[in-house]
Amino acid sequence: MPIKKQFVKSKPVCKVTFSIEAKEATQVSVIGDFNNWNPEEGALSKLKNGTFKGAFDLNKDAAYEFKYLVDGEYINETEADSFKWNEFAGTENSVLEV
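Summary of the structure given here.

About the cut-offs
Residues numbered from 1 in each chain as written. Predicted model: local features only at pLDDT ≥ 70, side-chain atom pairs only at ≥ 80, totals over all residues. Heavy atoms only, no water. Pairing = 2+ DSSP bridges. Helix = DSSP H or I, 4+ residues; strand = E, 2+ residues; numbered from the N terminus. Phe/Tyr/Trp six-rings, centres within 6.5 Å; stacked < 30°, edge-to-face > 60°. Buried < 20%, exposed > 50% of the residue type's maximum accessible area, 1.4 Å probe, protein only.

1. Description of the pairing of strand 8 (residues 82-86)
By the bridge criterion, five bridges tie strand 8 to strand 9 (residues 91-97) in an arrangement that is antiparallel. Directly across from W85, in strand 9, lies its bridge partner E92. Joining the antiparallel neighbours strand 8 and strand 9 is a turn of four residues, in which G90 adopts a positive phi near 70°.

2. Re the packing of aromatic side chains
According to the stated counting rule, one finds seven aromatic pairs in the structure shown. Arranged with centres 6.4 Å apart and planes meeting at 85°, the rings of F18 and Y68 form a pair that is edge-to-face. Highlighted residues: F18 in strand 2 (residues 13-21) and Y68 in strand 6 (residues 63-70), separated in sequence by 50 residues. Pairing F34 with Y64 gives two aromatic rings, centres 5.9 Å apart and planes at 85°, and the pair type is edge-to-face. With F34 in the loop between strand 3 (28-32) and strand 4 (45-46) and Y64 in strand 6, the pair connects residues that are 30 residues apart, well separated along the chain. Residue classification places F34 among the buried positions, given a relative accessible area of 19%.

Take a look at the structure:
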């Protein structure tokens, strides 16, 4: 499961876990509206099975555009909630709704 959402009852946030299989990759980040498209803030950790994974607390009742950055290549999440055309980038971004 590429994206896991876990709503926190005591706070207005959702703990979102991103994971992407990238066995050959050395560096993977999730970048988007929630971290100002900053690869350092969205760095994912590599697991032994070749999957990169990381969890982030995101504000609830919001939609966020995002992409994965895999060794410098931008990749959409195929199982995103939806996709949105980004005029600035000239491509579609994945959309996460929490």
